[in-house]
Amino acid sequence: KSAAVGGGIKKDSTSITWLALGDSYTIGESVSMSDRFPAQSLELLKQKSVRTEKLTYIAKTGWTSANLEQTISDLNPTPHDIVTLLIGVNDQFQGIDTGTYSRNFRSILNRAINLTQGANENVIVLSIPDYSVTPFSKNLDTAKISREIDTFNSINYRITQEYNCNYIY
């Protein structure tokens, strides 16, 4: 949506920098680089005359919010025009409590805003996909997974709204 490009990025920009923060959903585990959601989004932006100077990933399969937070600290990335954040599926999968996830998510979102030099409108949070509908979960308690993913998404949605960032469900 056009609002996701934010107030600081104009449609006729020569280029933007994008930092994609997350886990396997961000890096597209088991899919080609061109099938990752950031890469697909870049193709859509090109159609709107927005080019990307640089797309950087800080994401890894299996990462929890604590892993992501620690890696951001370790790498100390430079500011970017746009930062996307998709994290939490492994917190749910590993049984990490919602209080810990909430604290970690809030900290990561603060870092994301700082990485856009305070441009909240240029931070985009994506909801955690419900993997209970995938073949991976066929032998798991899918009702419990779905319920817990909804809970984690309600947490990241509420915090995202508090910080006036964009949220995509």
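Above this text sits the structure in question.
In this text the structure is predicted, and so the values were computed from the model without any measurement.

Caption draft 1: The arrangement of the pairing of strand E4 (residues 123-126) in detail. A two-sided burial pattern is seen for E4, the buried positions comprising Val-123 and Val-125 on one face and Ile-124 and Leu-126 on the other. Here strand E3 (residues 82-86) pairs with E4 via three bridges, running parallel. Looking at the pairing, Leu-85 lines up with Val-125 of E4. Here E4 pairs with strand E5 (residues 166-168) via three bridges, running parallel. For Ile-124, the partnering residue across the bridge sits in E5 and is Asn-166. Between E4 and its parallel partner E5, the chain crosses via helix H6 (residues 142-162), and the hand of that crossover is right-handed.

Caption draft 2: How the structure looks around the environment of Glu-29. Examined against the element boundaries, Glu-29 turns out to sit in the loop between helix H1 (24-27) and helix H2 (37-47). When the C-alpha atoms of Glu-29 and Lys-60 are compared, they prove to be 8.6 Å apart, with 31 residues separating the residues in sequence. Aside from chain neighbours lying at most four places away, what touches Glu-29 is Ser-24 and Thr-61. Looking at Glu-29, its side chain comes within polar contact range of the side chain of Thr-61, at 2.4 Å.

Cut-offs used in this document
- Residues numbered from 1 in each chain as written.
- Predicted model: local features only at pLDDT ≥ 70, side-chain atom pairs only at ≥ 80, totals over all residues.
- Heavy atoms only, no water.
- Buried < 20%, exposed > 50% of the residue type's maximum accessible area, 1.4 Å probe, protein only.
- Helix = DSSP H or I, 4+ residues; strand = E, 2+ residues; numbered from the N terminus.
- Pairing = 2+ DSSP bridges.
- Right-handed = clockwise from strand over helix to strand, strands pointing away.
- Contact = heavy atoms within 4.5 Å.
- Polar contact = N/O pair within 3.5 Å; in protein donor to acceptor, adjacent residues only side chain to side chain.

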